[in-house]
Amino acid sequence: MENNIFRTVRNAIKHWYLFLLIGLIFIITGVYTFTKPLEAYITLSIIFSISFLVSGISEIAFAITNKNEIHNWGWSLVFGILTFIVGIMLIMNPAISITTLPFYVGFLVMFRAINAISYAIDLKSYGVLDWGNLLVLGILGLLFAFILLWNPLFAGLSIVVWTAIAFITIGVYNVYLSLKMKKLKNN
């Protein structure tokens, strides 16, 4: 029985690097937002649009390629589709997205944080000892999402700062998750 679980996990995580790519995209976007806050607020919709499109496509690809190995692959597909749709909306309406960006980001981060918490619980069931670290990062992402959704207009640049923190947190989570998946795959 235990060998079947590990074989399933090994097959399911054959594309672990997609989470690494997603994480790096979020970290780079978050760091850029921190370093150029004034320019970032104006160009945030374009940067996020591209990162959402690439992230959404990557997550859709991961879900589809692993649909026979992962029981909950549909959630990854749903999150990938939502991310892709948000990216298209941001590209099509850059002026509107500047005023509504905190809501887009807040809900996307909330969905990703819930997904992160779900993955952490799944890793616990596979016997990964430090699954709690992933759970903490998912909860932090959820807290940042609630802050963005609670008061999206609080002091202009603070939206940029909270958005950057949220994306870095989700990015670190995805990088950490990819390394855990790679370790599981190699065992």
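Residues numbered from 1 in each chain as written. Predicted model: local features only at pLDDT ≥ 70, side-chain atom pairs only at ≥ 80, totals over all residues. Heavy atoms only, no water.

J.: Looking at this model, I keep getting lost on helix α4 (residues 73-92). Mind explaining?
T.: Along an α-helix, residues three or four apart share an orientation, since each turn contains 3.6 residues. Helix length check: α4 (20 residues) gives 29 Å between terminal C-alpha atoms against 28 Å at 1.5 Å per residue, within 8%. Inspection of α4 places Ser-76, Leu-77, Phe-79, Gly-80, Thr-83, Val-86, Gly-87 and Leu-90 among the buried residues, and these make up the whole buried set. (Helix = DSSP H or I, 4+ residues; strand = E, 2+ residues; numbered from the N terminus. Expected span 1.5 Å × (residues − 1). Buried < 20%, exposed > 50% of the residue type's maximum accessible area, 1.4 Å probe, protein only.)

J.: Help me understand the nonpolar core, please; the structure alone is not making it clear to me.
T.: Proteins that are soluble and globular tend to have nonpolar side chains buried together. Of all hydrophobic cores here, the largest spans 21 residues; its most connected members are Phe-26, Phe-52, Leu-90, Val-105, Val-109 and Phe-167. Among the elements of the structure, α2 (17-35), α4, α5 (94-125), α6 (131-150) and α7 (157-186) are those that each provide at least two residues to this core. The element best represented in this core is α5, accounting for 8 residues. Apart from the residues within four sequence positions on either side, Phe-52 is in contact with Phe-26, Thr-83, Phe-84, Val-86, Gly-87, Leu-90, Leu-108 and Phe-167. Judged by nonpolar contacts, the second largest core, of 17 residues, contains Ile-13, Val-128, Leu-137 and Leu-184. (Core = buried A, V, L, I, M, F, W, Y, C linked by side-chain atoms within 4.5 Å. Contact = heavy atoms within 4.5 Å.)

J.: Would you mind going over the packing of aromatic side chains with me for this structure?
T.: The way to describe two aromatic rings as a pair is by their centre distance and the angle between their planes. For the structure shown, the criterion picks out 7 aromatic pairs. A centroid spacing of 5.4 Å and a plane angle of 85° characterise the contact between Phe-19 and Tyr-119, whose relative ring orientation is edge-to-face. Highlighted residues: Phe-19 in helix α2 and Tyr-119 in helix α5, separated in sequence by 100 residues. You'll find Phe-19 and Tyr-119 in the same group, each marked buried. Centre to centre, the rings of Phe-79 and Phe-111 are 6.3 Å apart; their planes meet at 45°, and the pair counts as tilted. Here the residue Phe-79 occupies a position in helix α4, and Phe-111 occupies one in helix α5, the gap between them amounting to 32 residues. The exposure class assigned to Phe-79 is buried, which follows from its relative accessible area of 7%. An aromatic cluster is present here, built from Phe-19, Phe-62 and Tyr-119 joined pairwise through their rings. (Phe/Tyr/Trp six-rings, centres within 6.5 Å; stacked < 30°, edge-to-face > 60°.)

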